[in-house]
Every structure is written in C-alpha cells, then in structure tokens.
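Structure at a glance
Residues per chain, in single letters:
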Amino acid sequence: MDYDQVFEQALLSLKEENRYRVFTELGRHAGEFPKATRHLPNGQEQDVTIWCSNDYLGMGQHPDVLNAIKAAADKYGAGAGGTRNISGNTHMICELERELADLHGKESALVFTSGFVSNDATLSTLGKLLPGCVILSDELNHASMIDGVRHAGCEKIIFRHNDVRDLEDKLKSLDPNQAKIIAFESVYSMDGDISPIKEFCDLADEYGALTYLDEVHAVGLYGPRGGGVAEREGLMDRITIMEGTLGKAFGVVGGFITSTSNIVDAIRSYASGFIFTTTLSPVMSAGALASVRHLKLSQIEREQHQERAATLKKLLTEAGMPVLPSVTHIVPVMVYDAELCKQASDMLLEDYGIYLQPINYPTVPRGSERLRITPTPFHNDAMMAELVGALKDVWNRLNLRQAA
Ligand SMILES: *Cc1c(COP(=O)(O)O)cnc(C)c1O
C-alpha cells in the first residue's frame, strides 16, 4: 500500500473544498495586545492587529496574571511532575478548584488540561456511569461535547438548536424512568446567540433529567462575578454540571467542571481523560487562579468588553456590512462562501495587517461561512475605524454580499 498517497489524497480533498486550514504564525506583544508580529514563511515579519482572539478581555497579559505566573515559576518550578494521583496534586490546582467551586456556588470543582478534555471526559463518563442513559444534545454543540457523547457509547438524541418545543417532544417520547442528560451551551460562539437556560431547566425538572451546561464562551464575561450566563440569570443552582475553560476569557489554559461533590468525585475517580494525564502546570494554575479572582471582583473589563462589541456592531451596521444580530460579544460578519471567505481573510492580512481567520465548515454549516470578530477592551476607536474601512474595501474588491 502507498501510505503516503492516502494522506496526500486526504489533504487534497480538503483543499478542493476550501477547508484546508492554514495557520498564521504570530508573536503577541504582552502589554500591547491586540498588536502582534506575524512571522512569514520567508523569514520576513509583519505588524498585525488580532481581531479574532478568544482572549476576550486581554487577561492573557493582565499584570495580576503575569505576576502570579512569575511568582509560581520561582516558587514551584515548571511542571506538575505527574498525574493528580502520582504526585501531581499541587497546592495551586487545589486552590484553583476551590475558587472555581465558589465561582459557581457548587460543592466541588475539577480542573482538566483543557476545556475540550473536560467536556469529552465528563460527558463520556456520565454516560457510562448512568445505566441506560440517553444524552439529549443540541445540534450546534461544540466538537468536544459531540466527542464526549460519542465516547459515552450510550443512546443519544440530537435536538434542534435552542428549540424548547423540539426538546420537549423528544423528552416526552422517552421512558420516564430512563436516565437523561440535557447537554447544551450558554453562548454559542459562532452566531453569538444564547440558549433558553431557564426553559431547559424547567423541562429537566419536569422530565427528570440532569443538565450539563458548557459556559466556555461566558465564564469571566457574564454575571456579577463572571460565573457565566447562568449566574447572570440566577440559574446556577438549577444546573447539575457547569463546564468552562481557563483559556479564553481567563486568558491562560485549562478546563473545569463544577457540580455536587458526589458527581465531581465520580468523574475524578472514573474519567480516564482526567486520571491518566499530567496535571496542568502549577505555573498556569496560578495564572488562572489570579485571573478568576480578579474577574470575580472587577467589573470594568466586562463593561468595556460589552461596550466595545456594541460599538463595533453599530459601526459595521452603519457601513452596510452583513453582521449577524448577535446578542453577545461575538460579531459575525457573513460571507456565505468558503472560497470567498478565505480570500477575504487573506486580503485583510496581506494588504491591511488585519488578522481575522475565516470560519468554514465543519465549524459552521456550509453556505454560512463568515469572519468572526471578537473585539476586546483593547481594541480602540482608531483600530475599529481601520477595521471597518478595510472590510468595506475588501467587500468591494471581492464583490461580496452587503447587508440585506
Ligand atoms: C473552545 C471550546 C471548548 C474547548 O475549550 P478549550 O479550553 O479551548 O479546550 C469547549 N466548548 C466550546 C463551546 C468551545 O468553544
């Protein structure tokens, strides 16, 4: 067998569909975010402005976070040195878990090496531990939840996105005594819409289901202490398991769940994605801890973030750009075509120094390709004027669709 030919063919088919991902090599400038240096394959460098980072609040360069990281490196050294069981149960990660449990008003929390791992490990373990379990999963759930459901090996039912009636129809059709988990997100990060959390919790009560809520794009950003949308809406006590990341708004790396002590203890004891891997470094745990603590008390980042997102949406709408009417900090500008989306993104980078990655299938459905803009408190008015001007140019040059 010509093995190499198989891989080459696989890559070719992605390229033919305009789905082949090209990564941009960047060096972010601490203290000057969203400015960065792009390193080109020919060795040259280019100054760019990042417009698609999930470091939504710029916490990745916050002095509290950087100081905590430096102090932890001096105090503890680089790595955790093992799994949680084999000498990796570091003081910093235990402190972080207590802080996260408090953030969500839950008995317990568990930290994983990433948000992806936390979803995959937790959902797959829940589905295995609950006999005869069925997981009801929103059709637009993130790939990590889809993997978790698949790895659970139990029955799964996909319900229509954010559709209360469809979920109820599906719950109705099930045996009332069957174990059920409703798995969904609060903020869906591609359209920037929010799920009907209260209505889903009501259904969970009525039909005897557990609730599993991914707050990855909301922790740090919503609620008086940055607990997420469920905190903002006073619903945290109605969610069985909340999941979040330390890598996006908190600006560091890692993932976590919060829940009752029995559920957290069961995941700790059964999830191989938690058990058999080296613990998140105490250095990064200390950085994440400082970030969570800061955002529990400080509102200014959240306020500026919302103001910046609203301002950019307004500017783009005035400029006739096809912006999705997102109710959150996410600003999607629609292109509706994979090839054109890639071209627009390349042009913005090459000709305007604006780094805005194209979002194509399978991240979004085919025909709904877009540029996903994530303004932060560090994107000032001048940068926004520059961005809107560049987008208008590119839309004219490529003859892209304007707002309807
Ligand atoms: C990014 C993302 C994750 C994974 O989190 P990481 O910490 O980046 O691994 C999980 N869920 C959703 C909805 C995400 O967008």
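Further up the page is the structure itself.
Before going into details, it helps to say that this report is about the structure given with it. (Residues numbered from 1 in each chain as written. Predicted model: local features only at pLDDT ≥ 70, side-chain atom pairs only at ≥ 80, totals over all residues. Heavy atoms only, no water.)

**Some remarks on the sheet that holds strand β13 (residues 331-334)**
Threshold: In this scheme, strands are said to pair when DSSP sees at least two bridges between them. Secondary structure counts use DSSP, requiring at least four H or I residues in a row for a helix and at least two E residues in a row for a strand, with both numbered from the N terminus. By the convention used here, residues are in contact when the closest approach between their heavy atoms is within 4.5 Å. Only the contacting stretch of a helix is used when fitting its axis, a line to C-alpha atoms as for every element, and angles between N-to-C directions run 0 to 180 degrees.
Judged by pairing direction, the sheet is antiparallel, and its 3 strands sit side by side in the order β13-β16-β15 without closing on themselves. Two strands bound the open sheet, and with one partner strand each, they are β13 and β15 (358-359). As defined by bridge partners, β15 adjoins strand β16 (residues 370-373) across 2 bridges and the pair is classed as antiparallel. The residue bridging Pro-358 from the neighbouring strand is Leu-371, located in β16. Taken strand by strand, helix α13 (residues 300-318) contacts β13 and β16, and its axis lies near 20 degrees from that of β13.

**What about the packing of helix α2 (residues 63-76) against helix α12 (residues 282-297)?**
Here is the rule we go by: Oblique is the label for every angle not falling under 35 degrees (roughly parallel), over 145 degrees (roughly antiparallel), or within 65 to 115 degrees (roughly perpendicular). For any pair of crossing helices, the crossing counts as left-handed if the nearer helix is rotated counterclockwise from the farther one by less than a right angle, and right-handed if it is rotated clockwise. Polarity classes work like this: nonpolar for Ala, Val, Leu, Ile, Met, Phe, Trp, Tyr, Cys and Pro, charged for Asp, Glu, Lys and Arg, and polar for all others, with Gly in that last group.
Taken N-terminus to C-terminus, the directions of α2 and α12 make an angle of 150 degrees; their axes are 8 Å apart at the nearest point. With respect to each other, α2 and α12 are oriented roughly antiparallel. Between α2 and α12 the crossing geometry is right-handed. Of the residues in α12, those in contact with Asp-64, Val-65, Ala-68, Ile-69, Ala-72, Ala-73 and Tyr-76 of α2 are Pro-282, Val-283, Met-284, Ala-286, Gly-287, Ala-290, Ser-291 and His-294. Counted by class, the contact of α2 with α12 contains 11 nonpolar, 3 polar and 1 charged residues.

**Here we look at the pairing of strand β6 (residues 155-159)**
Side-chain direction in a regular strand flips from residue to residue, so the side chains alternate between the two faces of the sheet. Our working rule: With the strands pointing away from the viewer, any crossover whose connection runs clockwise from the first strand over the helix to the second is right-handed.
Examined bridge by bridge, strand β5 (residues 134-138) and β6 share 5 bridges and lie parallel to one another. Its bridge partner being in β6, Leu-136 is matched across the sheet by Ile-157. Taken together, β5, helix α6 (residues 143-152) and β6 form a β-α-β motif whose crossover is right-handed.

**Considering the packing of aromatic side chains**
The description of an aromatic ring pair uses the distance of the two centres, along with the angle that the planes make with each other. Condition: Each pair of aromatic rings taken from Phe, Tyr and Trp, with Trp reduced to its six-membered ring, is defined by centres within 6.5 Å and is described as stacked if the planes are under 30 degrees apart, edge-to-face if over 60, and tilted in the remaining cases. Think of it in three bands: with a 1.4 Å probe and only protein chains considered, a residue is buried below 20% of the maximum accessible area for its type, exposed above 50%, and partly exposed in between. By definition here, charges over rings are those cases where NZ of Lys or CZ of Arg is within 6 Å of the ring centre and within 35 degrees of the ring normal.
Considering all chains together, one arrives at 4 aromatic pairs under this definition. With a centroid separation of 5.7 Å and 75 degrees between ring planes, the pair formed by Phe-112 and Phe-274 is classed as edge-to-face. Here Phe-274 lies in helix α11 (residues 272-275) and Phe-112 lies in strand β4 (residues 108-112), a separation of 162 residues in the sequence. In this structure Phe-112 comes out as buried when scored by relative accessible area, which is 3%. A centroid spacing of 5.0 Å and a plane angle of 80 degrees characterise the contact between Phe-184 and Phe-200, whose relative ring orientation is edge-to-face. With Phe-184 in strand β7 (residues 180-185) and Phe-200 in helix α8 (residues 197-207), the pair connects residues that are 16 residues apart, well separated along the chain. Grouping residues by exposure puts Phe-184 and Phe-200 together as buried. Between the NZ or CZ atom of Arg-366 and the centre of the ring of Tyr-361, over which it lies, the distance is 3.8 Å.

Spatial relationships are all this shows, so hold off on functional conclusions.
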